[in-house]
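Observations on the model geometry
As a plain string of letters, each chain reads:
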Amino acid sequence: MNKTIGLLICDTVNPISAQVSGQYWDRFNVFFENAETKIKLKKYDIRNDEWPDNPEDCDGYLITGCVQSANDPDEWIAELIRFIRECYVGKVKMVGICFGHQVIAKAMGGSVELNPNGWGLGIKKQEVILKRPWMKPAQKKFNIIASHKEHVVELPGNAELLATSNRCKIVAYDISDIFLGFQGHPENSSFTSGVSIDVKKDNLDPEVYQNAKASLIVEAEQKLIAKWINNFFHQK
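Residues numbered from 1 in each chain as written. Predicted model: local features only at pLDDT ≥ 70, side-chain atom pairs only at ≥ 80, totals over all residues. Heavy atoms only, no water.

**Looking at the packing of helix α2 (residues 24–34) against helix α7 (residues 222–234)**
Where α2 contacts α7, the two axes come as close as 8 Å, and the packing angle between them is 90 degrees. Between α2 and α7, the angle falls in the class roughly perpendicular. Residues Phe31, Phe32 and Asn34 of α2 touch α7, and the partners they reach there are Gln222, Lys223, Ile225, Ala226 and Ile229. Partitioned by chemical class, the residues of the contact of α2 with α7 number five nonpolar, two polar and one charged. (Axes fitted to C-alpha atoms, helices over the stretch in contact; angles between N-to-C directions. Helix = DSSP H or I, 4+ residues; strand = E, 2+ residues; numbered from the N terminus. Parallel < 35°, antiparallel > 145°, perpendicular 65-115°, else oblique. Contact = heavy atoms within 4.5 Å. Nonpolar A, V, L, I, M, F, W, Y, C, P; charged D, E, K, R; others polar.)

Structure below.
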């Protein structure tokens, strides 16, 4: 049976990148469809005040990426933090991607800061350090696209670290089988990431740009993460 998952859209994709693979709504639909998951998405443009009436409107929620910081004082971010806490109380499952991963951590008592290493871009190999039943097929390491300057530096007290990497310690965590966060962007392919990196080129250190582009010779494991997220939402 399909699960209806509310896609809480937090940003618009750069027009050049959008020409390649669409907006967040398009990307996540393709992401789940290509992995043959049992997820049906429902769209909420929360920056334009489109919210579920209550957490129980959907079987779960997924928070997209965003160029803003989880620490920004915008009212919509404050409202999102309130909604996250309501979902936790109601035991409504939620997955956070990049900004979503960070804002869930902040809402639950963790800390988010700028990474002193600067931009994390391109393919990043990440190591699973704590296995979960929904991690099927099981893998000890996975490749995922990164595109972030901020990161979670302290997890909430009830969170458990699931995966880590050399550059960013907290790349995946869960909280009480209710929340799941990924710092990376599993909805993005290596090709899509390359276009995004080219858009940022003028604002990047040349070495950062070159290393990020070179990493894309490896393909992101999109179907693996889509299946994990599907399994997480379906797990009782």
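The structure having been displayed, the exposition proceeds.
**Looking at the nonpolar core**
Core analysis: the biggest nonpolar cluster contains 35 residues, and Phe28, Phe32, Phe142, Phe182, Trp228 and Ile229 have the highest contact counts within it. Listing elements by their share of this core, those giving two or more residues are β1 (3–9), α2, β2 (39–45), β4 (93–97), β7 (141–148), β9 (159–164), β11 (179–182) and α7. The greatest single-element share of this core, amounting to seven residues, is contributed by α7. Not counting chain neighbours up to four residues away, the residues in contact with phenylalanine 142 comprise Lys124, Lys125, Gln126, Val128, Ala163, Phe182, Glu221, Leu224, Ile225 and Trp228. The next biggest cluster of nonpolar side chains, apart from the first, holds 34 residues, and it includes Ile46, Cys58, Ile63 and Ala105. (Core = buried A, V, L, I, M, F, W, Y, C linked by side-chain atoms within 4.5 Å. Buried < 20%, exposed > 50% of the residue type's maximum accessible area, 1.4 Å probe, protein only.)

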